[in-house]
Amino acid sequence: MPVTADAIIVGGGIIGVSIAYHLAQQQLGRILLLERDVLAGATTGRSVASIDHLTLQPHAVDLFARSAAFFAEFDELVGASCEFVQTGSLVLAGAEQAERLATAVAAMQTAGLNVKILSLDELTKIEPRMQIDGIAAASFAPGAGYADPVLATQALAAAARRLGVVIKQGQLVTKIVLQGRQIVGVETTTSTGPVQTISAPLVIIAAGAWSGELLESVGIQLQLQPVEHPVVCLQRSFTLHTHPSLLDLTTGIYARPETGGLTLSGSINPKIGHEPINPDGADGYVHDDYILWTMRRLLQRYPQLKTSQLRTGWTGIMTISPDWQPVIGTWPHLLGLYCAVGFSGQGFQISPAVGDFLARMIIGDSAAAHQLALFTPTRFSTGKILRTEQDGKRYGLLG
Ligand SMILES: Cc1cc2nc3c(=O)[nH]c(=O)nc-3n(C[C@H](O)[C@H](O)[C@H](O)COP(=O)(O)OP(=O)(O)OC[C@H]3O[C@@H](n4cnc5c(N)ncnc54)[C@H](O)[C@@H]3O)c2cc1C
């Protein structure tokens, strides 16, 4: 284990490895990534990993668009597959969300993504199997889909290692070490070993649901809220061979196909299926009332799924920030500390751009710093919390 590094990244989920890979591309020097367990062993490994090509948050458009382009070329860029599966993605809106959807689609188009508003006739042509009651507007992104989040993490980690990054698993960071205003390293330990200090002038916290407590050790309060999110997994019967990925704003659910004739579905309603928890105390159950809630809404769109078989599913921990938007950047009163946390249920699909922009911000690229400025961790104390005018009070996965 090295005792000094030029940069230490804490956390080996998709965000940490993306930062490591992109920092190495910027030739930052000796980069060390410390993961307390195994790569992709926490939230990332439990992700539904949809890549939707749409956000209703105007601030996040570039993160989504750049990342979509990266995923489209992932295999060539990274040198290994993330098993991207193109399913196309439909977003369904009621009358009250139609205008917002149209604005979001226009913004994604300006950013270069192939996504369009569909008339109800076009919607029925693209997806004749779906019931369209209550839908006033819909969008379709033909290139959207999903990837394998564990493979994506491993592929980026392997590419980072080839660029010289040292990755240590089973290595818990217990403390960020500060001298005056300057970050000087971290304290770390294994399950059996002694506490060791590793010196570095730059520390990047990408520790998912555990980031809050690490940051508190240097006096930073971000009010990140870990929540347990259940995913319902169905085995489709022959009555519904397949379907596109779906975000249904009218009923509050998402659904996407999975290999082996499966469908994964769950809630995008912030009040359902986002139960605050201690990240070490998740119970892992997909409860019956949640399954019923999700199934009722899914059957509204696809009555054919009535004959599907339930496989229960799994839960994972999402880390929700106070405005349900990522928290990326640094603090003016501390030198050398950065974070990329609070992804609020959408971190997988924006992970390439988060890594790229943050790496470039760290080496002093002002354009990248500008791209990330709105996501600054200081926004909660300076009153610059990200809300949309239309939706000042209601938060959720899609903002
Ligand atoms: C059920 C579910 C479905 C989701 N579906 C989608 C989706 O469809 N599309 C999408 O874009 N996003 C989705 N998300 C969100 C997305 O998966 C997350 O935003 C993303 O995986 C977060 O990655 P991360 O690297 O920040 O966190 P993590 O994957 O949790 O990685 C953080 C790592 O830090 C390590 N760590 C923590 N503390 C320490 C420490 N002190 N020292 C060393 N290491 C430490 C942890 O062990 C962990 O491996 C979903 C999330 C869940 C739970």
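Since this is a predicted model, take the numbers as computed values, not measurements. (Residues numbered from 1 in each chain as written. Predicted model: local features only at pLDDT ≥ 70, side-chain atom pairs only at ≥ 80, totals over all residues. Heavy atoms only, no water.)

(A) Representation of the overall build of the chain in the model. The secondary structure content of the chain amounts to 10 helices and 21 strands. Taken over the C-alpha trace, the chain has a radius of gyration of 21 Å; the compact-globule value for 399 residues is 21 Å, and the two agree within 12%. Reported as C-alpha extents along the three principal axes, the dimensions of the chain are approximately 60 × 40 × 40 Å. Classification of the 399 residues of the chain by burial places 54% in the buried group. Long-range contacts, defined as pairs at least 24 residues apart, comprise 73% of the intrachain contacts of the chain with a sequence gap of at least 6. Total accessible area on the chain stands at roughly 16,500 Å², and carbon and sulfur atoms take up 52% of it. Of the side-chain charges in the chain, 27 are positive and 32 negative, and the distance between the mean point of each set is 1 Å. (Helix = DSSP H or I, 4+ residues; strand = E, 2+ residues; numbered from the N terminus. Rg over C-alpha atoms; globule rule 2.2 N^0.38 Å. Buried < 20%, exposed > 50% of the residue type's maximum accessible area, 1.4 Å probe, protein only. Contact = heavy atoms within 4.5 Å. Areas by Shrake-Rupley, 256 points an atom, 1.4 Å probe, with all protein chains shown as cover. Lys, Arg positive; Asp, Glu negative; His and termini not counted. Charge placed at Lys NZ, Arg CZ, Asp CG, Glu CD.)

(B) Structural detail: the packing of helix α1 (residues 14-25) against helix α9 (residues 347-362). Axis separation between α1 and α9 bottoms out at 8 Å; the angle between their running directions is 40°. In this view, α1 runs oblique relative to α9, as classed from their interaxial angle. Of the two possible hands of crossing, α1 and α9 adopt the one that is right-handed. Along the contact surface, α1 presents Ile14, Ile15, Ser18, Ile19, His22 and Leu23, while α9 presents Gly347, Phe348, Ser351, Pro352, Val354, Gly355, Asp356, Leu358, Ala359 and Ile362. (Axes fitted to C-alpha atoms, helices over the stretch in contact; angles between N-to-C directions. Parallel < 35°, antiparallel > 145°, perpendicular 65-115°, else oblique. Left-handed = near helix turned anticlockwise from the far one by under 90°.)

(C) Spotlight on α1. The first and last C-alpha atoms of α1 sit 16 Å apart over 12 residues, in line with the 16 Å expected at 1.5 Å per residue. Extensive coverage of α1 is indicated by the burial of 11 of its 12 residues. Backbone geometry just downstream of α1 places glutamine 27 in the positive-phi region, at approximately 55°. (Expected span 1.5 Å × (residues − 1).)

(D) The arrangement of empty space enclosed by the protein in detail. Under the defined criterion, the tally for this structure stands at one cavity of 30 Å³ or more. There is about 30 Å³ of room inside the largest cavity. By residue number, the principal contributor to the lining of the largest cavity is helix α2 (residues 61-72), which donates three residues. (1 Å grid on protein atoms, 1.4 Å probe; cavity = no way out; pocket = protein on both sides within 12 Å on 5 of 7 lines; lining within 4 Å. Points joined across faces, edges and corners; volume = space filled by probe spheres on them.)

(E) Here's a closer look at the site of the ligand. The local shell around the ligand holds 36 residues, among which Glu35, Thr44, Ser47, Ser50 and Gln349 are the closest. Contact distances for the ligand include 3.4 Å between an oxygen atom and a backbone N or O atom of isoleucine 14. Note that a nitrogen atom of the ligand is positioned 3.3 Å from one of the backbone N or O atoms of glycine 345. Calculation on the ligand without its partners gives an accessible area of 1,000 Å², and the protein chains cover 96% of this total. Breaking the shell around the ligand down by element, the ones donating at least two residues are α1, β10 (172-179), β14 (225-235), β19 (309-320) and α9. Here the residues of the shell around the ligand are counted per class, giving 18 nonpolar, 15 polar and three charged. A domain-level breakdown of the shell around the ligand finds at least three residues from each of domain 1 (7-46 + 150-224 + 323-391) and domain 2 (85-143 + 228-316). (Near = heavy atom within 4 Å. Polar contact = N/O pair within 3.5 Å; in protein donor to acceptor, adjacent residues only side chain to side chain. Nonpolar A, V, L, I, M, F, W, Y, C, P; charged D, E, K, R; others polar. Domains from an automatic or database assignment.)

(F) Fine view of the environment of histidine 53. Within the element layout of this structure, histidine 53 appears in the loop between β3 (50-51) and α2. Note on histidine 53: relative accessible area 9%, which makes it buried. Taking the C-alpha atoms as reference, histidine 53 lies 6.4 Å from alanine 141; in sequence the two are 88 residues apart. Residues in contact with histidine 53, not counting those within four places in the same chain, are Ala68, Met108, Leu113, Val115, Ala141, Gly143, Ala144 and Gln349.

(G) Examining the pattern of salt bridges more closely. By the definition in use, this model includes eight salt bridges. Residues arginine 256 and glutamate 258 are paired through a salt bridge, measuring 3.2 Å at the closest nitrogen-oxygen approach. You can call glutamate 258 partly exposed: its relative accessible area is 23%. One salt bridge connects arginine 360 with aspartate 365, and the closest N-O pair in it is separated by 2.9 Å. Three or more residues are tied together by salt bridges with common partners; here these are Asp356, Arg360 and Asp365. (Salt bridge = Lys/Arg side-chain N within 4 Å of Asp/Glu carboxyl O.)

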